Amino acid sequence: MKSRFLLVFAIAVAAGAQSANDPLPSWNNAGPKQSLMRFVSDVTTQGGAHFVPVPERIAVFDNDGTLWTEQPMYNQLAFVLARVEQMAPQHPEWKTTQPFKGVLEHDAKAAAASGEAGMVRLLAATHSGMTTDEFRKTVSDWIATARHPRFHRPYTECVYQPMLEVLTYLRANGFKTFIVSGGGVEFMRPWTEKTYGIPPEQVVGSSGKTQFKLLPSGPVLVKLPQVEFVDDGAGKPSGINRFIGRHPIAAFGNSDGDLQMLEWTAANPKAEFVALVHHTDATREYAYDRQSSFGKLDKALDEARAKRWTVIDMKSDWKTIFPNSR
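Note that this is a predicted model, so its numbers are computed, not measured. (Residues numbered from 1 in each chain as written. Predicted model: local features only at pLDDT ≥ 70, side-chain atom pairs only at ≥ 80, totals over all residues. Heavy atoms only, no water.)

## With respect to the overall build of the chain
- A count of helical and extended segments in the chain gives 14 helices and seven strands.
- Relative to the globule expectation of 20 Å for 326 residues, the C-alpha radius of gyration of the chain, 22 Å, shows essentially globular dimensions.
- Seen through its C-alpha atoms, the chain measures out along the principal axes to roughly 80 × 45 × 45 Å.
- For the chain, buried positions account for 48% of its 326 residues.
- A separation threshold of at least 6 residues defines the contact pool for the chain, and within that pool the share at least 24 residues apart is 65%.
- Element-wise, carbon and sulfur atoms account for 55% of the exposed surface of the chain, whose accessible area totals about 16300 Å². (Helix = DSSP H or I, 4+ residues; strand = E, 2+ residues; numbered from the N terminus. Rg over C-alpha atoms; globule rule 2.2 N^0.38 Å. Buried < 20%, exposed > 50% of the residue type's maximum accessible area, 1.4 Å probe, protein only. Contact = heavy atoms within 4.5 Å. Areas by Shrake-Rupley, 256 points an atom, 1.4 Å probe, with all protein chains shown as cover.)

## So, the pairing of strand β2 (residues 176-184)
- Most of β2 is tucked away: seven of the nine residues are buried.
- For strand β1 (residues 58-61) and β2, the ladder comprises four bridges, and the chain directions are parallel. Across the sheet, the residue bridging to A59 is T177, located in β2.
- Bridging between β2 and strand β3 (residues 203-215) involves three bridges; their strand directions are parallel. Bridge assignment links V180 to a residue of β3, and that residue is V204. (Pairing = 2+ DSSP bridges.)

## Concerning the environment of P200
- Position of P200 among the secondary structure elements: in the loop between α10 (192-196) and β3.
- In this structure P200 comes out as partly exposed when scored by relative accessible area, which is 29%.
- The spatial distance from the C-alpha of P200 to the C-alpha of T66 is 18 Å, given a sequence separation of 134 residues.
- If we ignore the near neighbours within four places in the chain, the residues touching P200 are R189 and E193.

## Considering helix α12 (residues 259-266)
- Those residues of α12 that fall on the buried side of the exposure criterion are L259, M261, L262 and T265. One face of α12 carries all of its buried residues, which in axial projection span an arc of 165 degrees. (Arc of directions from axis to C-beta.)

## Here's the deal with the sheet that holds β2
- Strand order in the open sheet formed by seven strands is β4-β3-β2-β1-β5-β6-β7, with mixed pairing between adjacent strands. At either margin of the open sheet sits one strand with a lone partner, and together these are β4 (218-229) and β7 (310-313). For this sheet, the mean angle separating the axes of adjacent strands, direction not counted, is 30 degrees.
- Contacting β1, β2, β5 (250-253) and β6 (273-278), α12 runs over the sheet at an angle of about 160 degrees to β5. (Axes fitted to C-alpha atoms, helices over the stretch in contact; angles between N-to-C directions.)

## Observations regarding the side chain of D317
- Residue placement: D317 occurs in helix α14 (residues 314-317).
- Of the buried charged residues, D317 lacks a salt bridge, with R284 as the closest side chain of opposite charge at 9.3 Å.
- Look past the residues within four positions of D317 in its chain and what remains in contact with it is S26, W27, N28, A30, P32, V311 and I312. (Lys, Arg positive; Asp, Glu negative; His and termini not counted. Salt bridge = Lys/Arg side-chain N within 4 Å of Asp/Glu carboxyl O.)

## A closer look at helix α3 (residues 75-87)
- Counted at 1.5 Å a residue, the expected span for α3 with its 13 residues is 18 Å, and the 18 Å between its end C-alpha atoms agrees.
- Taken residue by residue, α3 has N75, Q76, L77, A78, F79, V80, R83, V84 and M87 as its buried positions.
- Buried residues in α3 make contact with α4 (100-104), α6 (115-127), α7 (132-145), β2 and α9 (185-188). (Expected span 1.5 Å × (residues − 1).)

Okay, structure coming up:
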């Protein structure tokens, strides 16, 4: 009886040690996990054929749909809609002006009818006319209080646990991790360090113009209603070159907006790991790809299969989706 107890105890200890040594415990032991760990081993093995020096170990990550959920709409869009309602008392004209009227009446079809021009007006109204410090506080306050409409948890808790593990794993192996997102850079920077361990200076995103002003209280940067840089599609490789200055050896995305970033990374002659997060789990998160209004994955999915990039199947490759959940 004693020997049987000791055997069971030894097995339990061994299993615990194995789990503790697994840098990606939320991943099933399938192809994507194995490919990533093999890649990291290859580029970090001194004297190996694929060794990459630490300064060149650059990994870039899309944000929406890659690091946190992007359904039923981009989280920054949820912020925009909340800001319109918050600011409406100071703008009575919005009650009769689209797309503001549609937003205030919760008429998505009417608001969407204004198209891209309408979205630009919404962004200009909610993201400009204040200092960068004021905007940072506004974002921080919203992030601290807003809840996802389906999961009823803070948006910063609707991040993907398996991808948090990837970020930590790569950094532990000498990688510098960057966000390269179509989202607004000043919307992301107030919370990415606490949420992902990625500091503001390692966040690349779309940006609006700012103007320096010297006020009696001191110098400020005021956000203007003009777009300066769009970090999406072909803008992502340009943003990487402009703000990072090194060719990534690893890239993670989830949509056609990430395709050029993945292609650019795949073209690195030294080494590359390119992956797409494919949303296939309608029960634990969402299932969508080619027909989605947000995070459409069509051309990039075909390219991934043709080029044999890593496609992460959320349903089959991830044991859990969000932190502290199953």
